[in-house]
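# Report on the structure
Chain residues, written in single-letter form:
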Amino acid sequence: MRIGIVYTSVSGNTEELARLLHELLIEQKYRSQLMNITDFPVHELAEYDAIAIGTYTWGDGEIPIEMEPIYNEFKGLRDKKMVTAIFGTGDRFYPHYCGAVDTFKNALKTNTNLAVTLKVELLPQKQDLSKCKKFVELFTERIQTSLQ
Ligand SMILES: Cc1cc2nc3c(=O)[nH]c(=O)nc-3n(C[C@H](O)[C@H](O)[C@H](O)COP(=O)(O)O)c2cc1C
């Protein structure tokens, strides 16, 4: 079972969220590889049984440029067995709050076994912990189901 968490982050909010989700997975006895997109070979995507993608939103609700290759890879992939999850941080100040999460969500829903979506405003706070735990619960439940 190969599980990955691949994220991008400029000012650290999404990285913090990715680290938190990684820790919560460890608490549930799931080992995952936590990787910045810059360290992730996109051609290896299909080798993962489960993958969680983390992204901030840029421009007018857009996915960051460094996430475009992995986004295009997902769009070209058809693997309904691959369990996926999408999380991200954004700012409600912008009209398309966490637009990049929504864009990934559409592609992952069509082409993979999308388990869960999570949006957090800026840096994760104490009050976000319950949604993060729920995220991990739904992700791991789907992984278990996919093994049966
Ligand atoms: C130029 C610019 C455009 C942004 N556009 C959006 C947006 O359209 N929607 C949104 O929810 N957040 C937007 N944001 C906010 C970032 O997504 C948010 O600060 C995020 O937490 C940054 O993540 P990071 O700390 O991981 O880099 C924008 C930020 C900047 C600087």
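Residues numbered from 1 in each chain as written. Predicted model: local features only at pLDDT ≥ 70, side-chain atom pairs only at ≥ 80, totals over all residues. Heavy atoms only, no water.

### Brief notes about the UniProt feature "domain: Flavodoxin-like" (unreviewed entry) in the chain
In this numbering, the UniProt entry assigns the feature "domain: Flavodoxin-like" (unreviewed entry) to residues 3-140. Within the segment residues 3-140, helix and strand shares are 36% and 28% respectively, and the terminal C-alpha atoms sit 10 Å apart. (UniProt positions renumbered as here; feature names shortened; annotations may be inferred. Helix = DSSP H or I, 4+ residues; strand = E, 2+ residues; numbered from the N terminus.)

### Let's talk about the pairing of strand β5 (residues 112-121)
Burial runs high along β5: seven of the ten residues are buried. Taken together, the nine bridges between strand β4 (residues 79-90) and β5 define a ladder with parallel strand orientation. For Thr 84, the partnering residue across the bridge sits in β5 and is Leu 114. Between the parallel elements β4 and β5, the chain passes through helix α3 (residues 99-111) in a crossover that is right-handed. (Buried < 20%, exposed > 50% of the residue type's maximum accessible area, 1.4 Å probe, protein only. Pairing = 2+ DSSP bridges. Right-handed = clockwise from strand over helix to strand, strands pointing away.)

### Quick notes on the site of the ligand
Taken together, 20 residues lie around the ligand, and Ser 9, Val 10, Ser 11, Thr 14 and Thr 89 are the ones closest in. Thr 14 has a polar side-chain atom sitting 2.7 Å from an oxygen atom of the ligand. Contact between the ligand and Thr 57: an oxygen atom at 2.8 Å from a main-chain N or O atom of the residue. In isolation the ligand has 640 Å² of accessible area, and contact with the protein removes 83% of it. Secondary structure elements with two or more residues in the shell around the ligand: α1 (13-27) and β4. Along the lines of polarity and charge, the residues of the shell around the ligand split into seven nonpolar, eleven polar and two charged. (Near = heavy atom within 4 Å. Polar contact = N/O pair within 3.5 Å; in protein donor to acceptor, adjacent residues only side chain to side chain. Areas by Shrake-Rupley, 256 points an atom, 1.4 Å probe, with all protein chains shown as cover. Nonpolar A, V, L, I, M, F, W, Y, C, P; charged D, E, K, R; others polar.)

### Some details on the pattern of salt bridges
Scanning the entire structure with this criterion turns up seven salt bridges. The shortest N-O distance in the salt bridge between Arg 2 and Glu 47 comes to 3.0 Å. A residue pair is termed long-range when its members are at least 10 positions apart, and Arg 2 in the segment before β1 (3-7) and Glu 47 in the loop between β2 (33-36) and β3 (50-56) qualify at 45 residues. With its nearest N and O atoms 3.4 Å apart, the salt bridge here joins Arg 92 to Glu 121. Residue Arg 92 is located in the loop between β4 and α3, and its partner Glu 121 is located in strand β5; the two are separated by 29 residues in the primary sequence. Take Arg 92: its relative accessible area is 55%, and that puts it in the exposed class. Here the salt bridges share partners, and the residues they tie into one network are Arg 2, Glu 44 and Glu 47. (Salt bridge = Lys/Arg side-chain N within 4 Å of Asp/Glu carboxyl O.)

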